[in-house]
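Below, each chain spelled out in residue letters.
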Amino acid sequence: MSISSVKRVGVLTSGGDAPGLNAAIRGLCLTGIKKYGMKFVGILDGYKGFEQGRCIDLNIENIDSILAVGGTLLGSAREKPFKNKEKIKETGLSAIESIKKHYKDWKLDAVVVLGGNGSNTTAGFLSNAGLNVIGLPKTIDNDIVHTDYTFGFSTAVECATECIERIKTTAFSHSRVMVVEVMGHKVGWIALHSGIASGADVILLPEIPYQKEIVAKKILENAKVGKKYSIVVVSEGAQDTNESKLDKKAFKKVRSSMGCSIGERVAKEIENETGLETRVTVLGHLQRGGSPNPYDRFMATHFGATACDYIYKKEFGKILVWQNNSIKAIPLELVSGQTKKIPFDCDMIQTAKNIGISFGG
Ligand code: F6P
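Keep in mind it's a predicted model, so treat the numbers as computed, not measured.

(A) Expanded view of the site of the ligand. Every residue near the ligand is listed here: Gly 16, Arg 78, Ile 140, Asp 141, Met 183, Gly 184, His 185, Glu 236, His 285 and Arg 288. Within the side chain of Asp 141, an N or O atom sits 2.7 Å from an oxygen atom of the ligand. For the ligand, the accessible surface in isolation is 400 Å², of which the surrounding protein chains cover 73%.

(B) Highlighting the sheet that holds strand β7 (residues 202–204). With parallel pairing, four strands are arranged side by side in an open sheet as β7-β8-β6-β9. One side of each edge strand has no neighbouring strand; the edge strands of this open sheet are β7 and β9 (278–282). Strand after strand, the sheet turns through a mean of 15° between neighbouring axes, direction not considered. Here β7 runs beside strand β8 (residues 230–235); their pairing, made up of three bridges, is parallel. Bridge pairing links Leu 204 to Val 234 in β8.

(C) Spotlight on the pattern of salt bridges. This structure, assessed with the given rule, holds 16 salt bridges. Here Asp 45 ties to Arg 54 by a salt bridge, and the two come within 2.9 Å at their closest N and O atoms. Owing to a relative accessible area of 25%, Asp 45 belongs among the partly exposed residues under this scheme.

(D) Highlighting the environment of Glu 333. By secondary structure assignment, the location of Glu 333 is in the loop between β11 (326–331) and α12 (347–354). Residues Glu 333 and Gly 289, spaced 44 residues apart in sequence, show a C-alpha to C-alpha distance of 30 Å. Not counting residues within four places of it along the chain, the set of residues in contact with Glu 333 comprises Asn 128 and Gly 317.

(E) Spatial organisation of the pairing of strand β6 (residues 177–182). Burial of β6 is extensive: six of the six residues sit out of reach of the surface. Burial along β6 is two-sided: the face carrying Val 177, Val 179 and Glu 181 and the face carrying Met 178, Val 180 and Val 182 are both buried. With six bridges joining them, β6 and β8 adopt parallel strand pairing. Across the sheet, residue Val 177 finds its bridge partner in β8, namely Ser 230.

(F) Local environment of the sheet that holds β11. In spatial order, the strands read β3-β2-β1-β4-β5-β10-β11; together these seven strands make up an open sheet with mixed pairing. Here the strands that pair on one side only, and so sit at the sheet edges, are β3 (55–58) and β11. Sheet twist, expressed as the average angle between the axes of neighbouring strands with direction ignored, equals 30°. Of the strand pairs in this sheet, strand β10 (residues 318–323) and β11 are connected by six bridges, and their pairing is antiparallel. When the sheet's bridge partners are listed, Ile 319 is paired in β11 with Ile 330.

(G) View of the side chain of Ser 154. Here Ser 154 shows up in helix α6 (residues 153–174). Among the polar contacts made by the side chain of Ser 154, one reaches the side chain of Asn 293 at a distance of 2.8 Å. Dropping the residues within four chain positions of it, Ser 154 is found in contact with Tyr 149, Asn 293, Tyr 295 and Asp 296.

(H) Looking closely at the packing of helix α7 (residues 189–198) against α12. Where α7 meets α12, the axes come as close as 11 Å, and the angle between the chain directions of the two elements is 40°. Crossing handedness for the pair α7 and α12: left-handed. Here Trp 189, Leu 192, His 193 and Ile 196 of α7 lie close against α12, whose contacting residues are Met 348, Ile 349 and Ala 352. Along the lines of polarity and charge, the residues of the contact of α7 with α12 split into six nonpolar, one polar and no charged.

(I) A look at the packing of aromatic side chains. Taken as a whole, this structure holds seven aromatic pairs when the rule is applied. Centre to centre, the rings of Phe 50 and Trp 106 are 5.9 Å apart; their planes meet at 5°, and the pair counts as stacked. Here Phe 50, found in helix α2 (residues 46–52), pairs with Trp 106, found in the loop between α4 (95–105) and β4 (110–115); they are 56 residues apart in sequence, far enough to count as distant. A relative accessible area of 13% places Trp 106 in the buried class. Where Tyr 149 meets Phe 153, the ring centres are 6.1 Å apart and the plane angle is 65°; that geometry is what we call edge-to-face.

(J) Region of the structure containing the side chain of Arg 26. If you trace the backbone, Arg 26 turns up in helix α1 (residues 21–36). Beyond its immediate stretch of four places on either side in the chain, Arg 26 contacts Ile 63, Asp 64, Ile 66 and Leu 67.

Scoring rules and cut-offs
Residues numbered from 1 in each chain as written. Predicted model: local features only at pLDDT ≥ 70, side-chain atom pairs only at ≥ 80, totals over all residues. Heavy atoms only, no water. Near = heavy atom within 4 Å. Polar contact = N/O pair within 3.5 Å; in protein donor to acceptor, adjacent residues only side chain to side chain. Areas by Shrake-Rupley, 256 points an atom, 1.4 Å probe, with all protein chains shown as cover. Pairing = 2+ DSSP bridges. Helix = DSSP H or I, 4+ residues; strand = E, 2+ residues; numbered from the N terminus. Axes fitted to C-alpha atoms, helices over the stretch in contact; angles between N-to-C directions. Salt bridge = Lys/Arg side-chain N within 4 Å of Asp/Glu carboxyl O. Buried < 20%, exposed > 50% of the residue type's maximum accessible area, 1.4 Å probe, protein only. Contact = heavy atoms within 4.5 Å. Left-handed = near helix turned anticlockwise from the far one by under 90°. Nonpolar A, V, L, I, M, F, W, Y, C, P; charged D, E, K, R; others polar. Phe/Tyr/Trp six-rings, centres within 6.5 Å; stacked < 30°, edge-to-face > 60°.

Put into structure tokens, the structure is as follows:
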């Protein structure tokens, strides 16, 4: 054991949960305890629990059996302490002051944040505010810049793919068009991967604005060549060409007054344009829940364990990323406020087009 001068480490999970969070906590704690003699404090419900002063001790007993368990044993919340202007009831202090107070009260030498874009942006701000922070990239959306992978993504794609395949068999039986809406507000990584993996006919992504007439044309072509059914995978952030010209505020207004999900809207558009019977399934949180698959268990464990080495070296203010098949640490500012979108002209899009998938645009 190399005894670390970093003795007590806090860990929190923030933002939408993702399969692999528990595996990452376990990897982090096992390495820290066994290799470096560190102690771990689990901060409950993300930054919210940090503000309110809620935590538990993490030890071999309570982390050893969580490798394959979905969700996060610590709980999570979408709290943005730097935007929270309220005084925290428990401390009478601002959100940031409360976090600093608890960091000190709990005698933390460092804190590890398991989060997506927003949570790692906050981690960067906390680092600038003087806390020793390390970020890990988790999100089913796979949309953090500078990392080829975020843990949780593979399990979500696997879940979506399996669901689409199930939907395909009933689509065949009833000669229907089936629209499947998958997660991804700003990016379409889940839609692209699960759509290709399940043999979809159309994939609609936030990155490629669609025209309903082009979607309908593809479906009618299918029918013309004797294909009994069509599968349309729609990312929840998909937008048509008119919507793509709107600014953020106007777009939000259109969406909030729509009265249905984008998948439901696309299904109606298809029925109107083609006259073909169309059904819709919104997969929603099925994609986020449940046990991580082996790849996510591996990646999350690897990220968690590696975070300890950086803590030991006192390399703070960084997020670990996956590049060229290995973990690297880059400054948190590099990912702050950014989103990794699918490049319009990337080879994955080209592959999909080569095999006849339409993006509706
Ligand atoms: O965490 C990412 C994500 O799953 C997105 O894909 C989705 O748009 C969003 O979270 C849903 O969030 P919530 O569970 O807060 O409704």
